[in-house]
Amino acid sequence: MGKGSGFGKVILLNEHFVVYGVPSIVSAIEQATVALVEPFDGRGWIIEDRRPATPGYKEEKLDQQRGSIERVLKAAKIDPSRNPIKIVLEGDLVASSGIGASAASCVAIARALSDEFGLDLSDERVNEIAYEGERAYHGTPSGIDNTAATYGGLIWFVRGTLNVIERIRIRKPVEIVMGNTGMVADTAAAVAGVRERRERYPEKYDKLFKAAEGLARDARRAVEDFDLRELGRLMDENHKLLQGIEVSCKELDFLVELARKHGALGAKLTGGGLGGNMVALTPGKELQERVAKAIEKEGFEVLRTRIGVKT
Ligand code: MEV
């Protein structure tokens, strides 16, 4: 049996802006999706998806998941009509929007195929194959999610003809809370909406994009100096820009405000927005617990995890 895994992720700064080449900061989180691949006594391929998930997530993503697996198989040059396989997905990453669930599963499947068929894929190749799989979920992804899912750790990512992927050093891992609105979001639609409005309001969007670029550079410095207050402040600023490009929603804004009120150093939506998850910067177990409890008290699911964990 072949086995592989891919990390979940949290974007600390500049989702959406990253699609247009604005620098962004992403971290893998501690939770991952694991894929198992084994020969199957039947035709083609089948999947058994045992991942924990936000209600409705798996059903809503079913077609995209099928398309994605077809793409991953093709990119890895595995022909299931000759080698029928069963793919099992499991692991502790809760499949929900904004947490990199699709990218984590693409990376896990690519690695499990490599293991099962002796492909000896490098991380670079796994990342490329996972990117192909991601295209079934959101058309023209920037590649930030599959990069975090493949390499882990904290990453400076700039999309380009050749993507810039640099590891950011951090003194020690930092606790965060991710709050889940419970709403399954459509990343492709969110990205398309930004594209349309950017064309319609070029001046307004130019300003927001310039501001996003400045924030990314300041945030990288704050991480490297381990100035978490400054990083939190910049995340708050980033949330304002994300509101400006209209990818937040009232549930995300509510959770962001709630986290700040309970002491988070900063909070923002994370991922595609319009539902899905938010992130709060909560260094130390005590602050993390306080913010997590406040969100849970309002009836939302939370994830207590860390950024900057060495992998
Ligand atoms: C989704 O996790 C991040 C987006 O910026 C889309 C992308 O970068 O492909 C919204």
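Keep in mind that this is a model prediction, so the values were computed, not measured. Residue indices follow the written sequence of each chain, beginning from 1 at its first position. Given that the model is predicted, a residue must reach a pLDDT of at least 70 before its local features are reported, and side-chain atom pairs must reach 80 or more before they are shown or counted; all residues, however, enter totals for whole chains, interfaces and linings. Hydrogens and water are ignored here; the side-chain numbers use all heavy atoms of the structure.

### Quick notes on the overall build of the chain
Inclusion rule: Helix and strand definitions follow DSSP, with helices as H or I runs of at least four residues and strands as E runs of at least two, each counted in order from the N terminus. For a compact globule the rule gives 2.2 Å times the number of residues to the power 0.38, and the radius of gyration it is set against comes from C-alpha atoms. Think of it in three bands: with a 1.4 Å probe and only protein chains considered, a residue is buried below 20% of the maximum accessible area for its type, exposed above 50%, and partly exposed in between. By definition in these notes, contact holds between two residues if any of their heavy atoms fall within 4.5 Å. Accessible surface area values rest on a Shrake-Rupley calculation with a 1.4 Å probe, where residue burial reflects the displayed protein chains alone.
Summing up its helical and strand segments, the chain has nine helices and 10 strands in all. Over its C-alpha trace the chain gives a radius of gyration of 19 Å, about what one expects of a compact globule, namely 19 Å for 311 residues. When each of the 311 residues of the chain is scored for burial, the buried share is 56%. Residue pairs in contact within the chain that sit at least 24 positions apart in sequence constitute 75% of those at least 6 positions apart. Of the roughly 13,600 Å² of accessible surface on the chain, a fraction of 48% belongs to carbon and sulfur atoms.

### Let's talk about the packing of helix α1 (residues 57-75) against helix α2 (residues 101-117)
Relative orientation and spacing of two packed helices are given, respectively, by the angle between their axes and the distance between those axes. Put simply, the rule reads: Where helices are involved, their axes are fitted lines through C-alpha atoms of the stretch in contact, as for all axes, and angles between N-to-C directions lie from 0 to 180°. For any helix crossing, the convention is left-handed if the near helix is rotated counterclockwise from the far helix by under a right angle, and right-handed if that rotation is clockwise. Amino acid classes used here: Ala, Val, Leu, Ile, Met, Phe, Trp, Tyr, Cys and Pro are nonpolar; Asp, Glu, Lys and Arg are charged; the rest, including Gly, are polar.
Put simply, α1 and α2 touch, their axes get as near as 11 Å, and they point 40° apart. In this structure, α1 crosses over α2, and the sense of that crossing is right-handed. Facing Y57, S68, I69, V72 and L73 of α1, the residues of α2 in contact are A101, S102, C106, I109, A110 and L113. Taken together, the residues that form the contact of α1 with α2 break down as nine nonpolar, two polar and no charged.

### Considering the site of the ligand
Here is the rule we go by: One heavy atom suffices: a residue is near a molecule or strand as soon as one of its heavy atoms comes within 4 Å of it. Residues are said to line a cavity or pocket when one of their atoms sits within 4 Å of a point; the points come from a 1 Å grid over protein atoms alone, cavities being sets where a 1.4 Å probe fits but cannot get out and pockets being open sets with protein on both sides within 12 Å along at least five of seven lines. Any molecule with more than half of its atoms within 2 Å of a cavity's or pocket's grid points is counted as sitting in it.
Neighbouring the ligand are 13 residues; K9, H16, P141, S142 and D145 lie closest to it. The pocket occupied by the ligand, as judged from atoms lying within 2 Å of grid points, is the largest cavity. Elements represented by at least two residues in the shell around the ligand include exactly β1 (2-13) and α4 (144-151). A class-by-class count of the residues in the shell around the ligand yields five nonpolar, five polar and three charged.

### What to know about the packing of aromatic side chains
Keep this limit in mind: For this analysis, a ring pair means two rings from Phe, Tyr or Trp (six-membered ring only for Trp) whose centres lie within 6.5 Å, classed as stacked if their planes differ by under 30 degrees, edge-to-face if by over 60, and tilted for the remaining angles. Lysine NZ or arginine CZ positioned within 6 Å of the ring centre and within 35 degrees of the ring normal marks a charge as sitting over the ring.
One pass over the structure, following the stated rule, counts four aromatic pairs. Aromatic side chains F17 and F209 sit 4.8 Å apart centroid to centroid with 75° between the ring planes, which places their arrangement in the edge-to-face category. Linking F17 in the loop between β1 and β2 (24-39) with F209 in helix α6 (residues 202-224), this pair joins segments that are 192 residues apart in sequence. On the accessibility criterion, F209 (8% relative accessible area) is buried. Taking 6.4 Å as the distance between ring centres and 40° as the angle between the ring planes, the aromatic pair formed by Y205 and F209 counts as tilted. Here Y205 pairs with F209, and both are found in helix α6, just four residues apart, close to one helical turn. When sorted by exposure, Y205 lands in the same class as F209, which is buried. Cation over ring: R198 sits above F209, and NZ or CZ is 4.9 Å from the ring centre.

### Focus: the pairing of strand β8 (residues 266-270)
The criterion, for reference: When DSSP locates at least two bridges between a pair of strands, those strands are taken to pair.
Burial analysis of β8 places five of its five residues in the buried class, the great majority of the element. Where β8 hands over to strand β9 (residues 277-281), the hairpin turn is made up of six residues, of which G271 adopts a positive phi near 90°.

### Structural notes on the layout of surface pockets
Quick reminder of the rule: Grid points are joined across faces, edges and corners, and a volume is the space filled by probe spheres set on the points.
Roughly 360 Å³ of internal volume is contained in the largest pocket. Looking at the largest pocket, it is lined by 17 residues, and the ones nearest its centre are N127, E128, T147, N163 and I165. For the lining of the largest pocket, the leading source of residues is helix α3 (residues 123-138), giving five residues. A breakdown of the residues in the lining of the largest pocket according to their chemical character gives five nonpolar, eight polar and four charged.

### Section: the pattern of salt bridges
Put simply, the rule is: Any Lys or Arg side-chain nitrogen located within 4 Å of an Asp or Glu carboxyl oxygen qualifies as a salt bridge.
One pass over the structure, following the stated rule, counts 26 salt bridges. A salt bridge links D145 to K9, with the shortest nitrogen-to-oxygen separation between them at 3.3 Å. Here D145, found in helix α4, pairs with K9, found in strand β1; they are 136 residues apart in sequence, far enough to count as distant. Taken as a pair, D145 and K9 share a single burial class, namely buried. Salt bridges sharing partners connect three or more residues here, namely E48, R50, K86 and E90.

### Looking at the packing of α2 against α3
Let me state the cut-off plainly: Every angle not falling under 35 degrees, over 145, or within 65 to 115 is termed oblique; those three ranges are roughly parallel, roughly antiparallel and roughly perpendicular.
Orientation of α2 relative to α3, taken along the N-to-C sense of each, is 130°, at an axis distance of 8 Å. Relative to α3, α2 is oriented oblique. When you trace α2 past α3, the crossing you get is right-handed. Across the interface between the two elements, S102, A103, S105, C106, V107, A110 and R111 of α2 pack against D123, V126, I129, A130, G133, E134 and Y137 of α3. Among the residues making up the contact of α2 with α3, the classes are represented as eight nonpolar, three polar and three charged.

As far as function goes, none of this settles anything; it's purely spatial.
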